[in-house]
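Tertiary structure, described
The lines below spell out each chain.
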Amino acid sequence: MKKWAIIAVLYLAVVMGGYMVYAQFYPKSSEAKMDHHEEGMSQMHADSHEKSEVKTDLHYSDGLMTISIKDLSGKTVKDLEVNHEKLLHLIIVDDSLQHYYHLHPQRLENGDFSIRKTLPDGSYKAFIDIKPKNLAYHVVPVPFVVGQEKGANDHEALVPDSSLTKTVEQKTVSLKMNTFQASKPATLTFDLDRSHLEPYLGAVGHVVILDENGKKYLHVHPKNEEEPVFETEFEMPGIYKIWAEFKQNGKVRIFPFVIEIK
């Protein structure tokens with residue numbers, strides 16, 4: 001009996017000890033998980049506002065555009081990730097947002113990029129879309145002038161389209177949106193002839209969006225590899241221009257839309 005009593009006491013001690021350890025550990029474990037989750041959310045919020053560690057510039061002369069990419073110390077940034085089959089996507093618009101170019105400059109031996117493209121006289125903004133490795137980078141407009149600069153009021157203001165169906169070179173594309181409200185997830189669905197739709201830069205299509213002042217830039221990629229459906233969010237109300245790029249029968253066509261976000 002004494003032997004069984006000793007075993008019972010030891011068993012009870014083990015159970016109580018285990019419970020005390022669990023009681024002490026469990027709250028800390030739950031608290032740790034919550035702290036980790038909140039830290040992740042804070043980090044995501046901080047990342048969207050962190051300072052860019054890369055500065056870009058564009059020089060235009062006689063149809064030759066040269067792009068420099070430097071870190072804050074002035075050293076050329078050469079370590080770039082391939083993004084949709086290219087190291088650099090160069091988006092250029094004029095101040096009226098009537099002229100739009102999507103170009104892919106070639107890298108030079110010194111790390112700069114260059115491409116030849118003759119542009120009409122006027123004021124332009126370049127958006128140098130890259131993914132530097134291990135450096136924070138935000139795409140901002142890089143203004144430049146070709147020939148004689150035009151005045152700020154030399155063009156008409158953007159007006160929202162009454163119809164979101166566009167025809168370019170006998171190809172028709174219609175845009176449908178689930179919402180026109182700011183600060184809400186927006187889905188852009190394009191209806192087009194898919195019988196001859198081809199991948200373009202590794203995707204079913206590409207969408208670039210600018211606000212009417214040409215300051216807020218969005219390069220939106222499709223939701224998946226098969227459907228021309230794109231997801232984004234408009235932070236502020238205003239007028240926006242959308243350029244949708246699709247490749248059909250070996251030809252890339254650009255379909256422009258102007259919308260109002262409220």
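Everything here concerns the structure above.
Residues numbered from 1 in each chain as written. Predicted model: local features only at pLDDT ≥ 70, side-chain atom pairs only at ≥ 80, totals over all residues. Heavy atoms only, no water.

1. Description of the overall build of the protein chain
The cut-off we apply is this: Numbering of helices and strands starts at the N terminus; helices are DSSP runs of H or I of at least 4 residues and strands are runs of E of at least 2. Exposure classes here rest on a 1.4 Å probe applied to the protein chains alone. A residue is buried below 20% of its type maximum, exposed above 50%, and partly exposed in between. Using a 1.4 Å probe, accessible areas were evaluated by the Shrake-Rupley method; residue-level cover was limited to the displayed protein chains.
Within the protein chain, the regular secondary structure consists of 1 helix and 17 strands. For the protein chain, the proportion of its 262 residues judged to be buried stands at 39%. When the accessible area of the protein chain is evaluated, it comes to approximately 16200 Å², of which 53% is carbon and sulfur surface.

2. As for the sheet that holds strand β15 (residues 229–233)
We apply this condition: Here, any two strands with at least 2 DSSP bridges between them count as paired. Only the stretch in contact is used when fitting a helix axis, every axis being a line fitted to C-alpha atoms; angles between N-to-C directions are given from 0 to 180 degrees.
Here we have 4 strands laid out as an open sheet, ordered β9-β10-β11-β15, and antiparallel in their pairing. With one partner strand each, in any of the chains shown, β9 (165–168) and β15 form the two edges of the open sheet. Between one strand and the next, the sheet's axes are offset by a mean angle of 25°, whatever the strand orientation. Pairing between strand β11 (residues 185–192) and β15: 5 bridges, direction antiparallel.

3. A word on the pattern of salt bridges
As a reminder, the rule being used: Salt bridge, as used here: a side-chain nitrogen of Lys or Arg that lies within 4 Å of a carboxyl oxygen of Asp or Glu.
Tallied over the full model, the rule gives 7 salt bridges. Between lysine 251 and glutamate 169 there is a salt bridge; the shortest N-O distance is 3.0 Å. In this pair, lysine 251 sits in strand β17 (residues 251–261) while glutamate 169 sits in the loop between β9 and β10 (171–177), placing the two residues 82 residues apart along the sequence. Its salt-bridge partner being glutamate 227, residue arginine 194 comes within 2.9 Å of it at the nearest N-O pair. One end of the pair, arginine 194, is in the loop between β11 and β12 (197–198); the other, glutamate 227, is in the loop between β14 (217–220) and β15, with 33 residues separating them in the sequence. Several salt bridges converge on common partners, so that one network encompasses Glu169, Lys251 and Arg253.

4. Overview of the packing of aromatic side chains
Geometry of an aromatic ring pair is reported as the spacing of the ring centres plus the angle between the planes. Note the following rule: Here the aromatic set is Phe, Tyr and Trp, taking the six-membered ring for Trp, and pairing holds for ring centres within 6.5 Å; pairs whose planes are under 30 degrees apart are stacked, those over 60 apart are edge-to-face, and all others are tilted.
Per the stated rule, a full pass over the model turns up 9 aromatic pairs. Within the aromatic cluster, the residues linked to one another by ring pairs are Phe190, Phe230, Phe246, Phe255 and Phe257.

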